[in-house]
Amino acid sequence: MEEFEVSASSRKTKSVYISTVISIALVLLMTGLLGLILVHAKNLSNYVKENIVLNIIVNDGVTEADILSLQKELDGNPAVLRTQYVSKELAARNLQNDLGEDFVKFLGYNPLLSSIDVYLKADYANKAGVETFTKQVSSNSMVKEVVYQDSLIDMVNKNIRVIGLIILAFAAILLIIAVALINNTIRLAIYSQRFLIKSMQMVGATKGFIRRPFLGYGILHGLLGALIAIILLLLTLYFAQEQIPEIVILRNYFEFALIFIGVICLGILISGASTYFAVSKYLRLRINDLYR
């Protein structure tokens, strides 16, 4: 009979521990998914900003060598990500492809001017950054004008700012929920061991001695839950890329590694802290209070 009771208690304990690990893993999975969404949203906003083009129109009569020299000078600007030289001939061919007819032959000459397409870095792709860059470039005697869509830049930055605030608010709420869920799960697991805790205390075990194995298990459960969550996150990334191949341009392995490390730290920290406070609670309770 005693062996049966020990076996039943052991199975119950294992069941509690397994459910605890699974609960922690699911909560950390949701937290990790939100982290991935934040990273992809940030990278997507940078990608959109870095593909806003500024057309620097060069005066007619400027030699190609001078234009290439200007391009090299622009490449050295800290605000510039990359540049592309568009000659008069290339501009004419591009416009002919868009119009579907040879306007040069119709007019008898090529009215287009050579230009340099400039793509700014994400940090400079805003109204203030573009205006500052435009003033610097316009002071060059070779430059006729700088053409860009001012309304597009304002719209992109405004929308990205609003979306960013919404995602950050959602992240804060989800983090609070994650901490609460993991804490409640561990408190329930420790609740099933409350009589064992009090029995150890009654036979003379110190509080530190009692806490030590529970903290070890708590940290282990947090680590196992985090590892399971990371495996599920990797599978999610794999299937996302299978369904949307273009998402690869937003991939940043360093940021993904930071998210995975954060998930591990979060799992260990919350699980360990919750275990510590839950065990301390039952160490302070009187025997009669354990039945409530």
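The rules behind the values
Residues numbered from 1 in each chain as written. Predicted model: local features only at pLDDT ≥ 70, side-chain atom pairs only at ≥ 80, totals over all residues. Heavy atoms only, no water. Salt bridge = Lys/Arg side-chain N within 4 Å of Asp/Glu carboxyl O. Helix = DSSP H or I, 4+ residues; strand = E, 2+ residues; numbered from the N terminus. Domains from an automatic or database assignment. Contact = heavy atoms within 4.5 Å. Buried area = accessible area lost by both parts, 1.4 Å probe. 1 Å grid on protein atoms, 1.4 Å probe; cavity = no way out; pocket = protein on both sides within 12 Å on 5 of 7 lines; lining within 4 Å. Points joined across faces, edges and corners; volume = space filled by probe spheres on them. Pairing = 2+ DSSP bridges. Axes fitted to C-alpha atoms, helices over the stretch in contact; angles between N-to-C directions. UniProt positions renumbered as here; feature names shortened; annotations may be inferred.

**Student:** Mind showing me how you'd approach the pattern of salt bridges here?
**Tutor:** When the charged atoms of two side chains lie near each other, side chains of opposite charge can form a pair. Within this structure, the stated rule accounts for 2 salt bridges. The partner of Lys42 in a salt bridge is Glu255, and the shortest N-O contact between them spans 3.1 Å. In this pair, Lys42 is assigned in helix 1 (residues 2-49) and Glu255 in helix 9 (residues 253-284), connecting sequence segments 213 residues apart.

**Student:** Which parts of the structure should I look at to understand the domain arrangement of the protein chain?
**Tutor:** It is common to give the size of an interface as the accessible area that goes away when the parts come together. Per the domain assignment, the segments of the protein chain are domain 1 (1-50 + 149-291) and domain 2 (52-147). Computed from C-alpha atoms alone, the centre-to-centre distance between domain 1 and domain 2 is 51 Å. Taken residue by residue, the interface counts 9 residues in domain 1 and 11 residues in domain 2. Carbon and sulfur atoms make up 59% of the surface buried where domain 1 meets domain 2, a total of about 910 Å² over both sides. Taken as a group, Lys49, Glu50 and Ile153 account for 64% of the area that domain 1 buries against domain 2, more than any other trio of residues on that side. At the junction of domain 1 with domain 2, the criterion picks out 0 salt bridges.

**Student:** Looking at this structure, I do not really get empty space enclosed by the protein. What am I missing?
**Tutor:** Unfilled space is identified by rolling a water-sized probe across the atoms. For the coordinates displayed, the defined rule picks out 1 cavity of 30 Å³ or more. For the lining of the largest cavity, the secondary structure elements donating two or more residues are helix 1, helix 6 (150-191), helix 8 (207-243) and helix 9.

**Student:** Can you help me understand the sheet that holds strand 1 (residues 53-58) in this one?
**Tutor:** Read across the open sheet, the 4 strands follow the order 2-3-1-4; overall the sheet is antiparallel. Each edge of the open sheet is held by one strand with a lone partner, namely strand 2 (80-86) and strand 4 (143-147). Pairs of neighbouring strands in the sheet enclose a mean axial angle of 20°, with direction left out of account. Across 6 bridges, the pairing between strand 2 and strand 3 (residues 115-120) is antiparallel. By the bridge assignment, Tyr85 is partnered in strand 3 with Ile116. Along the sheet, helix 2 (residues 64-75) makes contact with strand 1, strand 2, strand 3 and strand 4, crossing strand 2 at roughly 170°.

**Student:** I keep staring at the UniProt feature "transmembrane region" (unreviewed entry) in the protein chain and nothing clicks. Help me out?
**Tutor:** Per the UniProt record, the feature "transmembrane region" (unreviewed entry) sits at residues 16-39, 162-182, 214-240 and 252-279. Span residues 162-182 is 100% helix and 0% strand, its end C-alpha atoms 30 Å apart. When the span residues 214-240 is considered, its composition is 100% helix and 0% strand, and the gap between its end C-alpha atoms is 38 Å.

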